[in-house]
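Inside the fold
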2 protein chains.
Amino acid sequence: MSMPTEGPTAPRLKDVAELAQVSVKTVSNVVNGTTPVAEATRERVQRAIDALGYHPNLTARRLRTGRSGVIALAFPELPSPYFAELAVEVIAAARRVGITVLMDDTGGDPAAELRIASGLGDPMIDGVILSPLGLDQATLLSRSREIPLVLLGEADLGPVADRVHIDNVAGARAVTRHLIDEGYRRIAAIGWQDPSPRATAEQRLTGFRTALEGAGLTVDQALLPPVRAYFRPDGASAMRRLLKLPDRPDAVFCFNDLLALGALRAAHEAGLRVPDDIAIVGFDDVEEAEYAIPSLTTVAPDKRHIAELAVRCLMERIEKRYDGPSRLITPGFRVVVRESSTSAR
Amino acid sequence: MSMPTEGPTAPRLKDVAELAQVSVKTVSNVVNGTTPVAEATRERVQRAIDALGYHPNLTARRLRTGRSGVIALAFPELPSPYFAELAVEVIAAARRVGITVLMDDTGGDPAAELRIASGLGDPMIDGVILSPLGLDQATLLSRSREIPLVLLGEADLGPVADRVHIDNVAGARAVTRHLIDEGYRRIAAIGWQDPSPRATAEQRLTGFRTALEGAGLTVDQALLPPVRAYFRPDGASAMRRLLKLPDRPDAVFCFNDLLALGALRAAHEAGLRVPDDIAIVGFDDVEEAEYAIPSLTTVAPDKRHIAELAVRCLMERIEKRYDGPSRLITPGFRVVVRESSTSAR
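All values reported here derive from a predicted model rather than from experimental measurement.

Conventions we followed
- Residues numbered from 1 in each chain as written.
- Chains lettered and ligands numbered in written order.
- Predicted model: local features only at pLDDT ≥ 70, side-chain atom pairs only at ≥ 80, totals over all residues.
- Heavy atoms only, no water.
- Helix = DSSP H or I, 4+ residues; strand = E, 2+ residues; numbered from the N terminus.
- Buried < 20%, exposed > 50% of the residue type's maximum accessible area, 1.4 Å probe, protein only.
- Contact = heavy atoms within 4.5 Å.
- Areas by Shrake-Rupley, 256 points an atom, 1.4 Å probe, with all protein chains shown as cover.
- Least-squares fit on C-alpha atoms with pLDDT ≥ 70 in both.
- Salt bridge = Lys/Arg side-chain N within 4 Å of Asp/Glu carboxyl O.
- Domains from an automatic or database assignment.
- Buried area = accessible area lost by both parts, 1.4 Å probe.
- Expected span 1.5 Å × (residues − 1).
- Phe/Tyr/Trp six-rings, centres within 6.5 Å; stacked < 30°, edge-to-face > 60°.
- Lys NZ or Arg CZ within 6 Å of the ring centre and 35° of its normal.
- Axes fitted to C-alpha atoms, helices over the stretch in contact; angles between N-to-C directions.
- Parallel < 35°, antiparallel > 145°, perpendicular 65-115°, else oblique.
- Left-handed = near helix turned anticlockwise from the far one by under 90°.
- Pairing = 2+ DSSP bridges.

**So, the overall build of chain A**
Helix and strand counts for chain A stand at 13 helices and eleven strands. Principal-axis analysis of the C-alpha atoms places the extent of chain A at approximately 75 × 45 × 30 Å. Residue burial in chain A is summarised as follows: out of 345 residues, 60% are buried. Contacts in chain A between residues far apart in sequence, at least 24 positions, make up 69% of those at least 6 positions apart. On chain A, roughly 13,500 Å² of surface is accessible, and the fraction owed to carbon and sulfur atoms is 50%.

**A look at the relation of the copies chain B and chain A**
Of the transformation superimposing chain B on chain A, the axial component is 0.0 Å and the angular component is 180°, with the fit at an RMSD of 0.1 Å. Read as a symmetry element, the transformation amounts to a two-fold axis. Residue M103(B), judged by its C-alpha, is the member of chain B lying nearest the rotation axis, at 2.3 Å.

**Some thoughts on the pattern of salt bridges**
Counted under the stated rule, the structure contains 40 salt bridges over all chains. As a salt-bridge pair, R232(A) and E287(B) come within 2.5 Å of each other at their nearest N and O atoms. Within this pair, whereas R232(A) is found in helix α10 (residues 232–243), its partner E287(B) is found in helix α12 (residues 287–291), the two belonging to separate chains. The exposure class assigned to R232(A) is buried, which follows from its relative accessible area of 6%. Note that K303(B) and E85(B) form a salt bridge whose closest N and O atoms lie 3.2 Å from each other. Of the two residues, K303(B) sits in helix α13 (residues 303–318) while E85(B) sits in helix α5 (residues 81–96), which places them 218 residues apart along the sequence. Each member of the pair, K303(B) together with E85(B), is buried. One salt-bridge network, held together by shared partners, links D162(A), E316(A), R317(A) and R327(A).

**Notes on the domain arrangement of chain A**
The parts lose accessible area when they come together, and the size of an interface is often stated as this lost area. Residues and elements named next belong to chain A. On domain assignment, one finds that chain A holds domain 1 (13–53), domain 2 (65–165 + 302–331) and domain 3 (168–301). The distance between the C-alpha centroids of domain 2 and domain 3 comes to 29 Å. Counting residues at the interface gives twelve residues for domain 2, matched by 14 residues for domain 3. Summed over both partners, the interface of domain 2 with domain 3 comes to about 1,100 Å²; 55% of that surface belongs to carbon and sulfur atoms. For the domain 2 face of the interface with domain 3, the top three residues by lost area are E77, Y82 and E154, together amounting to 45%. The tally of links from domain 2 across to domain 3 stands at two salt bridges. Note that E154 is salt-bridged to R204, the shortest N-O span being 4.0 Å.

**Here we look at α10(A)**
With twelve residues, α10(A) should cover 16 Å at 1.5 Å per step; its first-to-last C-alpha distance of 17 Å lies within 8% of that length. In this structure, the buried residues of α10(A) make contact with β6 (187–190), β7 (251–254), α11 (257–269), β8 (279–281) and α12 (287–291) of chain A together with α12 of chain B.

**Thoughts on the packing of aromatic side chains**
Residues and elements named next belong to chain A. Per the counting criterion, the structure on display carries eight aromatic pairs over all chains. Seen in terms of ring centroids, Y82 and F83 are 5.7 Å apart; in terms of plane orientation they differ by 65°. Their pairing is edge-to-face. Judged by relative accessible area, F83 falls into the buried class, the value being 13%. On the basis of an interplanar angle of 50° and a centroid distance of 5.1 Å, the ring pair of F253 and F255 is categorised as tilted. A relative accessible area of 0% means that F253 is categorised as buried. An aromatic cluster is built from F75, Y82 and F83, whose rings are joined through pairwise contacts. Stacked on the ring of Y230, the Lys or Arg R198 has its end atom at 4.3 Å from the ring centre.

**Structural notes on the side chain of S340(B)**
Residues and elements named next belong to chain B. Mapped onto the elements of the fold, S340 is located in the segment after β11 (333–336). Its relative accessible area of 0% is what places S340 among the buried residues. When residues no more than four places from it in sequence are discounted, the contact partners of S340 are V274, P275, A279, I280, P294, S295, L296 and T297.

**Quick word on the environment of V16(A)**
All names here are of chain A. Relative to the assigned elements, V16 resides in helix α1 (residues 13–20). A sequence separation of 36 residues divides V16 from L52, and the C-alpha atoms of the two residues are 7.2 Å apart. Setting aside its immediate chain neighbours within four residues, V16 contacts V27, V45, A48, I49, L52 and Y54.

**Quick look at the packing of α5(B) against α13(B)**
All names here are of chain B. Running from N to C, α5 and α13 cross one another at 50°; their axes reach a closest spacing of 8 Å. Considering their axes alone, α5 and α13 lie oblique with respect to each other. When you trace α5 past α13, the crossing you get is right-handed. Contacts between α5 and α13 involve Y82, E85, L86, E89, V90, A93, A94 and R96 from the first element and K303, R304, I306, A307, E308 and V311 from the second.

**Quick word on the pairing of β6(A)**
Residues and elements named next belong to chain A. Burial along β6 is two-sided: the residues I187 and A189 and A188 and I190 are all buried. In terms of strand pairing, β6 meets β7 through four bridges, oriented parallel. Counterpart to A188 in the pairing with β7 is V252.

**Things to note about the sheet that holds β6(A)**
Residue and element names in this part refer to chain A. As summarised here, the arrangement of the three strands in space is β6-β7-β8, forming an open sheet in which the pairing is parallel. The sheet is open, and its two borders are formed by β6 and β8, each paired with just one other strand. Direction aside, neighbouring strands of the sheet carry axes that sit 20° apart on average. With three bridges connecting them, β7 and β8 associate as parallel partners. The residue of β8 that forms the bridge with V252 is I280. Packed onto the sheet, helix α9 (residues 199–214) meets β6 and β7 and runs at close to 175° relative to β6.

**As for unusual backbone geometry**
Here the amide bond leading from V274(B) into P275(B) is cis, since omega sits at 10°, within 30 degrees of zero. Within the fold, P275(B) resides in the loop between α11 (257–269) and β8 (279–281). At the junction of I293(B) and P294(B), the peptide bond is cis and its omega measures out at -5° in the coordinates. Its identity is not glycine, yet Q21(A) carries a phi of approximately 55°, on the positive side.

Quick look at the structure:
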């Protein structure tokens, strides 16, 4: 393992250039992201940077380029594995273009979200990727510093910033449709929130409803137990309520995988077999879904693609290669069918 | 919901003081953490800060106090729920003393760990909490900026910084001892790494070995399949290797919960019942352990306490209330017994 060093013996741009057999200018272009560099060359330079343990000093870099190469990434719920997995992809995508990511957990608090959308007042932060939960458009528009910003997720704050999201209505419709195709008819949904549904709840309920109605099925209000949040215990307690109904459901669509994993556990504790007695599906495709017993059918957003698009949009804004109107970008998703919804009915 | 605002109408220190019915000086003490404030008063001020959406500008705060109130937190593996759950506790502990946390994922890369230990060259970062993986003592001593630093976890880099860790040898010994007490005799361990074991692997293997030898059992090398990393797929593939042995184990201690959850899945796919055919236990007590089917017996570090101690040590260094020698702090743990290891043998 090569040991990075600091001080007078620290590797310099020209050491990297020598090892990568490119010009110092090319290394500088890779490090600063000022000028596009061919992918193969960029990779060779990155390997040399890694091998030598070269790292530009942020303050020096900022003095030279006006940018530090640091962006902030903020999610409302870090304990949610979906956000953790997406964060890993954003960090990897940023690293590929020489950018360091610092993360913040806002807890969905609008004041915290506003602070991060303003770059925390830290001049070293070049731009922000934010998945908002409590923030509204008026608040966002009041931010103290208009630094480049990309929003992630369902919350529609109007055309105030670029936003990358998947089509939640279509995702929910597709996985509900899968349950109907498998022969399930009395289908519940866990994830509605009353009285203040988040955008996620509204869009996934719409997709669920559309699929049922499209198949000529009616939506039974008794099969929509509201939840407070989207963690395992919320899913488990909603499932326990459903299982107490005189006419219990034969399948449940949970609005995220954590709710579904809590529901799986509650079904298990009630002595039910999944999917023979009741099918359960989720949304997010966190790694745990593949390893659950039974493994969980779910909607899989392409996290790597979402991360790449978000970083690309942000860097275009930071580097002023694009300064046009806000963009809404909608990468695709897949329904991953696993054991929890495929009985031999 | 109160909407925080910015610009000429943004709430000021004196608005917070008025609402909390305290002096401006008291609010300033809470915000800057310069002078201790009684817990009840601090809470009243914090509620007023939250209600008004007051947030001090970092640059202004730094000019005034020499500190920004921002610390960095870096883990080697953010997709690991143990680190995500610990991060949430660190963020909460920091918030209680008015500090914002920015996170970095180092991937365990020594160069990235060195950068963060030097505060990324960002003068806005007051101090760093780092869980190192690849860093060694010589590299850490070469850091370019000696900002306050607290280390988390097993890696022993010598007395160069305060460190908070749990006793991994004792934790591993206790959970292995539990398996022996339950009547298991042919006990495997998943988590050894060859040729470069991390400190975690070495300490947990020592605890495992000590428990077996203390009970007069021998350690069978065939029951120590090495793994590359500590994620679910590593646990699943090591378990598949164990299950191919002519004389397969009756219990497995996995060095973290993700390995154990992968092992559970592999046992399920092989048609084995846990714990009747084979017991499986883990280490970390991530939330998933409680919800797994069967639920997972594991070693539970007190994450909240670890986080509070780390933040307290760091703030003592930042606020220069303590500048003595490096401290080694060892909070406790519990063994949480669940379904995966308690058959009626």
